[in-house]
Amino acid sequence: MAARLPEGLRLLPEALDRAGQQALLAEVLACLAAAPPFQPEMPRTGKSLSVRMSNAGKLGWVSDRAGGYRYQPHHPATGARWPAIPDSLMALWRRSCAWPDPPEACLINLYTAEARMGLHVDADEEALAAPVLSVSLGATALFRVGGPQRNDPTASLPLRSGDVLVLAGAARSCHHGIDRIRPGTSQLVSRALPGVERINLTLRRVTIPRR
Ligand code: MD6
Ligand code: FE
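Attention in this report is confined to the structure presented alongside it. The model shown is predicted, which means the values in this text are computed figures rather than measured ones. (Residues numbered from 1 in each chain as written. Chains lettered and ligands numbered in written order. Predicted model: local features only at pLDDT ≥ 70, side-chain atom pairs only at ≥ 80, totals over all residues. Heavy atoms only, no water.)

Considerations on helix H1 (residues 18-34)
So, step 1. Between the first and last C-alpha of H1 there are 25 Å, a value that for 17 residues agrees with the 24 Å anticipated at 1.5 Å per step.
So, step 2. Inspection of H1 places Gln21, Leu24, Leu25, Val28, Cys31 and Leu32 among the buried residues, and these make up the whole buried set. Buried positions in H1, seen along its axis, are confined to an arc of 115° and lie on one side of it. Facing away from the buried side of H1 by more than 90 degrees, the exposed set consists of Ala19 and Ala33.
So, step 3. Considering only its buried residues, H1 is in contact with strand E2 (52-57), helix H2 (87-96), strand E5 (105-111), strand E7 (132-138), helix H3 (188-192) and strand E12 (198-204). (Helix = DSSP H or I, 4+ residues; strand = E, 2+ residues; numbered from the N terminus. Expected span 1.5 Å × (residues − 1). Buried < 20%, exposed > 50% of the residue type's maximum accessible area, 1.4 Å probe, protein only. Arc of directions from axis to C-beta. Contact = heavy atoms within 4.5 Å.)

Topic: unusual backbone geometry
So, step 1. Here the phi dihedral of Glu14 falls at roughly 50°; this positive angle occurs in a residue that is not glycine.
So, step 2. Locating Glu14 in the fold gives a position in the loop between strand E1 (9-12) and H1.
So, step 3. Looking at Glu14, the relative accessible area reads 57%, which means it is exposed.
So, step 4. Despite not being glycine, Arg44 shows a phi value in the positive range, around 70°.
So, step 5. If you trace the backbone, Arg44 turns up in the loop between H1 and E2.
So, step 6. Using a relative accessible area of 71% as the deciding quantity, one classes Arg44 as exposed.

What to know about the pattern of salt bridges
So, step 1. Taken as a whole, this structure holds 7 salt bridges when the rule is applied.
So, step 2. A salt bridge links Arg70 to Asp64, with the shortest nitrogen-to-oxygen separation between them at 3.1 Å.
So, step 3. Judged by relative accessible area, which is 24%, Arg70 ranks as partly exposed.
So, step 4. One network of salt bridges, in which partners are shared, links Asp122, Glu125, Arg172 and Arg204. (Salt bridge = Lys/Arg side-chain N within 4 Å of Asp/Glu carboxyl O.)

Describing the site of ligand 1
So, step 1. Ligand 1 sits among 14 residues. The nearest are Tyr111, His120, Ser134, His176 and Arg198.
So, step 2. Taking Tyr111, its side chain carries an N or O atom lying 2.4 Å from an oxygen atom of ligand 1.
So, step 3. In the model, an oxygen atom of ligand 1 is placed 3.1 Å from a nitrogen or oxygen of the Ser134 side chain.
So, step 4. Considering ligand 1 on its own, with 350 Å² of exposed area, one finds that the protein chains cover 99% of that surface.
So, step 5. With respect to the pocket detection grid, ligand 1 is positioned in the largest pocket.
So, step 6. For the shell around ligand 1, the secondary structure elements donating two or more residues are E7, strand E10 (164-167), strand E11 (176-181) and E12. (Near = heavy atom within 4 Å. Polar contact = N/O pair within 3.5 Å; in protein donor to acceptor, adjacent residues only side chain to side chain. Areas by Shrake-Rupley, 256 points an atom, 1.4 Å probe, with all protein chains shown as cover. 1 Å grid on protein atoms, 1.4 Å probe; cavity = no way out; pocket = protein on both sides within 12 Å on 5 of 7 lines; lining within 4 Å. Sits in = over half its atoms within 2 Å of the grid points.)

Here's the deal with the nonpolar core
So, step 1. Counting 28 residues, the largest nonpolar core has Met53, Tyr111, Phe143 and Ile178 as the members making the most contacts within it.
So, step 2. At the level of elements, strand E3 (60-64), E5, strand E8 (141-145), strand E9 (155-159), E10 and E11 are the ones that each hand at least two residues to this core.
So, step 3. What Met53 contacts, discounting residues up to four positions off in sequence, is Pro36, Pro37, Phe38, Pro40, Trp61, Leu107, Ile108, Asn109 and Met117.
So, step 4. Judged by nonpolar contacts, the second largest core, of 27 residues, contains Trp93, Cys106, Ile108 and Leu137. (Core = buried A, V, L, I, M, F, W, Y, C linked by side-chain atoms within 4.5 Å.)

Let's talk about the coordination of the iron ion (ligand 2)
Geometry reference: four tetrahedral donors at a metal, ideal angle 109.5 degrees. Six octahedral donors, ideal angles 90 or 180 degrees.
So, step 1. Donor atoms from the polypeptide that coordinate the iron ion (ligand 2) comprise His120 (NE2), Asp122 (OD) and His176 (NE2), at 2.1 to 2.2 Å from the metal.
So, step 2. Along the chain, the residues donating to the iron ion (ligand 2) fall in the pattern H-x1-D-x53-H. (Donors = N, O, S within 2.8 Å, 3.2 Å for Na, K, Ca; no water.)

Concerning the environment of Glu125
So, step 1. Locating Glu125 in the fold gives a position in the loop between strand E6 (117-120) and E7.
So, step 2. Overall, the relative accessible area of 4% leaves Glu125 in the buried class.
So, step 3. Sequence spacing of Glu125 and Leu92 is 33 residues, and the spatial spacing of their C-alpha atoms is 20 Å.
So, step 4. Discounting residues that sit within four places of it in the chain, Glu125 has contacts with Tyr71, Arg172, Arg204, Arg205 and Val206.
So, step 5. Polar contacts involving the side chain of Glu125 include one to the side chain of Arg172, which spans 3.0 Å.

A closer look at the layout of surface pockets
So, step 1. In this structure, the largest pocket spans a volume of roughly 690 Å³.
So, step 2. Taken together, 37 residues line the largest pocket, and the ones lying closest to its centre are Met117, Gly118, His120, Asp122 and His176.
So, step 3. Here the residues of the lining of the largest pocket are counted per class, giving 18 nonpolar, 11 polar and 8 charged. (Points joined across faces, edges and corners; volume = space filled by probe spheres on them. Nonpolar A, V, L, I, M, F, W, Y, C, P; charged D, E, K, R; others polar.)

By themselves, these are just geometric observations and shouldn't be taken as functional.
Below, the structure written as structure tokens:
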């Protein structure tokens with residue numbers, strides 16, 4: 001049975017026009033030059049995810065066999081602090097998320113033609129009530145979203161280059177993943193990074209500020 005989209009899911013189709021996508025890609029390439037992509041591993045099994053990752057921000061999401069899923073201020077391989085989140089993304093968060101605190105992490109996901117992302121809930125943040133904002137660049141991806149339980153019915157929607165997706169409210173704790181990429185549907189990313197079809201950026205608030 002197909003599910004309705006969860007309350008709090010907001011898709012802003014082509015929130016970034018072509019020029020905005022190009023400008024953001026240039027900023028992301030600069031981030032990747034400072035913080036090279038790494039291959040995260042599943043906790044316990046040590047199996048590699050098919051998506052390569054990097055981060056920008058005060059905190060970055062990393063995962064390996066020994067330490068599991070976590071946020072940390074340093075790149076797992078180089079030990080350097082993550083580069084700053086590009087200003088344009090900070091502005092996009094202010095425009096699109098009714099949330100008082102700025103994002104601390106920008107996870108950069110890199111998809112080859114075969115890469116996918118299994119059904120998961122973003123749950124490693126202390127600030128679980130804060131929305132998560134994602135921006136897609138490059139080839140179209142098939143995004144699947146279900147409910148709070150792994151076996152809840154799911155719906156799927158395409159995420160195209162320039163699309164912004166906000167998961168807030170009830171949608172924030174819903175399972176979601178990427179079933180597959182449609183290779184060749186955009187050359188935006190592959191022209192700059194041969195072999196990489198799609199980049200997805202997710203902005204998250206990680207900590208709850210003390211007031
Ligand atoms: C992706 N996105 O689009 C994977 N998570 O490649 C996510 O896992 C995601 O798009 C939280 C909020 C929005 C997302
Ligand atoms: Fe997610």
